[in-house]
Amino acid sequence: MYRSQKLALHYFAAAVIFFGVMTLFGLLSALYYLYPSMLFHTFDFQMSKIMHIDTLVIWLLMGMLGAVYWFLPKELGREVKGIWLAEILFWVFCAAVVVVALVFLFVQYGSSDQFSMWFINQGRKYVEAPRWAAIGIVIVMLVFAYNVIGTAIATRRMTGILWVLCIDLVPLCLVYLDAFPQFTNMSVDLYWWWWLVHMWVEGTWEVLIGCIMAWMLMEVAGTSRRIVETWLYIEVMLVLGAGILGLGHHYFWIGTPQYWLSIGGFFSALEPLPLLGMVVHAIYDAGTHHLKTTNQPGFYWITAEAFGNFIGAGVWGFMMTLPQINLFSHGTQWTVSHGHFAFWGAYACGVIAVLYVAKQKTSGIDYLSGRAWKWGFGLLNFGMLGMVMGLLLAGMAQAFYGRAMGGSTLMAFTQSSENPWFVSGMWARTGFGVVFALGYIVLVYDLVTATRRMPKAVAPPEPA
Amino acid sequence: MTPAALLYSAGLMGCLALAGGGYGGLYTWSRMRLNAGLRYTAFVCYGLVLLFAVLIAASTPLAPVWKTLVVASALIYALVPPLTWRFLVKMHEPGEQHP
Amino acid sequence: MSIQEPGFWRAGAISTTAVMIVVLIFLSIDSIQVISAGGANVPRYDVINQQIGYRYDWTRRMDVPVIGGPEPLFGTVYSETGAQALIAKGKLVIQSRACMDCHTFFGNGAYYGPDLTKSWLDPAWSQIWMPATGAKTREDAMVMFLMNPDRYPTWTRQMPNLQLTREEAQAAVAYLKWMASVDTNGFPANFGMKQP
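Here goes a summary of the coordinates provided. (Residues numbered from 1 in each chain as written. Chains lettered and ligands numbered in written order. Predicted model: local features only at pLDDT ≥ 70, side-chain atom pairs only at ≥ 80, totals over all residues. Heavy atoms only, no water.)

1. As for helix H2 (residues 80–96) of chain C
Since the α-helix packs 3.6 residues into each turn, any two residues three or four apart lie on the same face.
And then number 1: Over its 17 residues, H2(C) runs 24 Å from end to end, which matches the ideal 24 Å to within 8%, given 1.5 Å per residue.
And then number 2: Listing the buried residues of H2(C) in full gives C:Ala83, C:Leu86, C:Ile87, C:Gly90, C:Lys91, C:Leu92, C:Val93, C:Ile94, C:Gln95 and C:Ser96.
And then number 3: In the core, the buried residues of H2(C) are packed alongside helix H4 (114–119) and helix H7 (186–221) of chain A together with strand E3 (104–105) and helix H5 (166–180) of chain C.
And then number 4: Backbone geometry just after H2(C) places C:Ala98 at a positive phi near 50 degrees. (Helix = DSSP H or I, 4+ residues; strand = E, 2+ residues; numbered from the N terminus. Expected span 1.5 Å × (residues − 1). Buried < 20%, exposed > 50% of the residue type's maximum accessible area, 1.4 Å probe, protein only. Contact = heavy atoms within 4.5 Å.)

If you want it as structure tokens, here you go:
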């Protein structure tokens, strides 16, 4: 095994831990809606929310970095260039995340000065981490870029997947610099903030996970390089072709010109179509293999990614992003519902699939299946589906009573938040959050023990 | 937009996309299995896509430009699964088979 | 080159992305001009010296902010630089206390607390907090509330006391007043014009 792949295993372990932390604080955040006086003045909602969304970014990022460190040496047939630096940076990264988490847990916030921005809390959603930590992430990304590009140069070999990855590294490093500025003007601040949230997370990450899924399909389904590279180019064309100006649906209400209503609405309305193509592809692959591969959980999680992406980003997006509807749905739990489903489908399922592939390869077993992964798969997906339905119910109640009927004032917000439909939705979200957390526990149990329970040399079942 | 029209319009939009997904999924599955029953069900799903598009155009307060876009996208839904299918089959032709 | 060839789609991916990036750059140059303070949609910071309203515009068919006559904030008429410094401080208050992780601004944030886009115009300040705090003006009631939100609980979801000084609370209020003047394409709709 390459040192790079050992590093990948470290990244996967860290990703699984932070996935757990994210789940824990997600549950806690849900409980505040039901028990608002809980931990009042000790650990208030905003800190729980910060922990939830920041660990979301961290675990997915770590999972994807790990996936690249896993596949890269195999792709190029040599150790990753500068791996020693990446190994050091991994521990620095983990230590920085722990220090930031401790600051969030115990210091929480500072006074209104630059010291707070540098060392306590930047207070911008998703990038609350103080600037010193954001600099750390930039350094991690730069070393990651050096590892990928340096290795490609050292082997004097480039594949289609690597070209896409190398080009993606440029915006992956550059757009994150958007985590630093502190604009006075909220409109300008949110304009660039959306570059970070939409272009970095939803754009460059989509391409990154696309590269990882290309390697995964070759590994799990044995798909040829020509086919996966063709699909990767198509995906990049659709994701960036629609997604770059799809940014427009975030520019409806922040003070930006009215033409963004047309641009954002147009691209959002077309969004489900390419995702439908991906569903067709996933079913085609599943059907070709009759759902039989040497890595059952990995294959199922890849398939879940296509469906989750279509429903989360496609259906939920189509439902709420035309400007006339978004005027009322924007900024309610409806958005939260969309966000949960889209993140789950677009990234989380893919990262979990990679975890299973790495698990199988490191254990040297020929066939990975069993019962526990099915429980994990079922509980996590059922829990997520239940959560997003609960949030959708709550969001619709907010949009109906608080926005369209009440006119969005404090009283309208309060009354819609006490509406039985809203409250029921939040109870459902919490209950299904528990189901999701159980699924996480089963997933971890299975990842730790699955290969011990599988005999070393069992051939996969023959296709029906 | 009235509160009721808001939920009605959004609900129809969601149903349209979901029915589109059902059509795409069932269509592909029917081609894999060569199953006529699945194929009919897929076309029923596409019928629902058209129905939801007509309802959106006829009975929601969305602006004409959005209605036109929704109807156009409903028509494009018809093409995506067969075209993707044909593309996939061509791409996987001899020499590019799954193991 | 046939559509089965990866090169066909590679060319498509590169050209589509390049075109979209160029279009985005042009749109961004225009948008930044429009949303800079003093631009078409975002007033200068010294707008806090004036009355700010929100009214339905029949030609644009949406709610738009209306800038009225003089209405000094805290009884002070701020110079342009003074207003800018105050608003800059307000933004630092909002970030340092992570307001966005409970509230929303222009609908972006955490959804646990109410949206603050037009909070300056919320009738609750005069209907609830002015009587509760005994303050004579809306801005004074807002300052008193922000400094001691736990002293004026209104419903089950209370705002925690974030240890704001008077100076910080005043800066935050100025920020909210300025933000209410931003033309947000009608968001939020019907603000304060309907009864829940």
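2. Things to note about the environment of A:Trp301
All names here are of chain A.
And then number 1: Note on placement: Trp301 falls in helix H11 (residues 296–320).
And then number 2: Judged by relative accessible area, which is 0%, Trp301 ranks as buried.
And then number 3: The spacing of Trp301 and Trp70 is 231 residues in sequence and 18 Å in space, taken between C-alpha atoms.
And then number 4: Setting aside residues up to four positions removed in sequence, Trp301 forms contacts with Trp344, Cys349, Ile352, Ala353, Tyr356, Gly376, Phe377, Leu380 and Asn381.

3. Thoughts on the interface of chain B and chain A
And then number 1: On the side of chain A, 42 residues touch chain B, which itself brings 40 residues to the contact.
And then number 2: Carbon and sulfur atoms make up 82% of the surface buried where chain B meets chain A, a total of about 3800 Å² over both sides.
And then number 3: Summed over the shared surface of chain B and chain A, the number is 0 salt bridges.
And then number 4: For the pair chain B and chain A, the number of links is 2 residue pairs in polar contact (both at pLDDT 80 or more).
And then number 5: Secondary structure elements with two or more residues in the side of chain B that touches chain A: helix H1 (3–33) and helix H3 (64–91) of chain B.
And then number 6: With 18 residues, the single largest contributor to the side of chain B that touches chain A is H1(B).
And then number 7: Residue composition of the side of chain B that touches chain A, by class: 28 nonpolar, 11 polar and 1 charged. (Buried area = accessible area lost by both parts, 1.4 Å probe. Salt bridge = Lys/Arg side-chain N within 4 Å of Asp/Glu carboxyl O. Polar contact = N/O pair within 3.5 Å; in protein donor to acceptor, adjacent residues only side chain to side chain. Nonpolar A, V, L, I, M, F, W, Y, C, P; charged D, E, K, R; others polar.)

4. Considering the environment of A:Ile212
All names here are of chain A.
And then number 1: In this fold, Ile212 is placed in helix H7.
And then number 2: Note on Ile212: relative accessible area 1%, which makes it buried.
And then number 3: Residues in contact with Ile212, not counting those within four places in the same chain, are Met64, Ala67, Val68, Phe71 and Val354.

5. Digging into the interface of chain C and chain A
And then number 1: At the junction of the two partners, chain C supplies 84 residues and chain A supplies 87 residues.
And then number 2: If you sort the residues of chain C by the area they bury against chain A, C:Gln95, C:Asp101 and C:Tyr111 come out on top, with a joint share of 10%.
And then number 3: For the pair chain C and chain A, the number of links is 1 salt bridge.
And then number 4: Between C:Lys91 and A:Asp189 there is a salt bridge, and its shortest N-O distance comes to 2.4 Å.
And then number 5: Across the chain C-chain A interface, the total number found is 29 residue pairs in polar contact (both at pLDDT 80 or more).
And then number 6: The greatest single-element share of the side of chain C that touches chain A, amounting to 18 residues, is contributed by helix H1 (residues 6–35) of chain C.

6. A short note on a nonpolar patch on the surface
Residues and elements named next belong to chain A.
And then number 1: Residues Phe115, Trp118, Phe119, Ile135 and Ile139 make up a contiguous nonpolar surface patch of roughly 480 Å² in combined accessible area.
And then number 2: For the nonpolar patch, the elements supplying multiple residues, two or more each, are H4 and helix H5 (131–155).
And then number 3: Mapped onto the elements of the fold, Ile139 is located in helix H5.
And then number 4: Among the residues examined, Ile139 registers a relative accessible area of 41% and is labelled partly exposed. (Patch = residues over 30% accessible without salt bridge, like charges linked within 9 Å, V, L, I, M, F, W, Y side chains within 5 Å. Areas by Shrake-Rupley, 256 points an atom, 1.4 Å probe, with all protein chains shown as cover.)

7. Comments concerning the packing of aromatic side chains
And then number 1: Considering all chains together, one arrives at 53 aromatic pairs over all chains under this definition.
And then number 2: Here A:Phe19 and A:Tyr440 contribute two aromatic rings whose centre-to-centre distance is 5.0 Å and whose plane-to-plane angle is 80 degrees, an arrangement assigned as edge-to-face. Taken together, the positions of A:Phe19 in helix H1 (residues 3–34) and A:Tyr440 in helix H16 (residues 420–453) put the pair 421 residues apart, joining distant regions of the chain. Grouping residues by exposure puts A:Phe19 and A:Tyr440 together as buried.
And then number 3: Connected via pairs of aromatic rings, a cluster forms that spans A:Phe19, A:Trp59, A:Tyr300, A:Trp301, A:Trp344, A:Trp373, A:Phe377, A:Phe436 and A:Tyr440.
And then number 4: Taking the ring centre of C:Trp120 as reference, the NZ or CZ of C:Arg138 above it sits at 4.0 Å.
And then number 5: Above the ring of C:Tyr112, the side-chain terminus of C:Arg157 is found at 4.9 Å from the ring centroid. (Phe/Tyr/Trp six-rings, centres within 6.5 Å; stacked < 30°, edge-to-face > 60°. Lys NZ or Arg CZ within 6 Å of the ring centre and 35° of its normal.)

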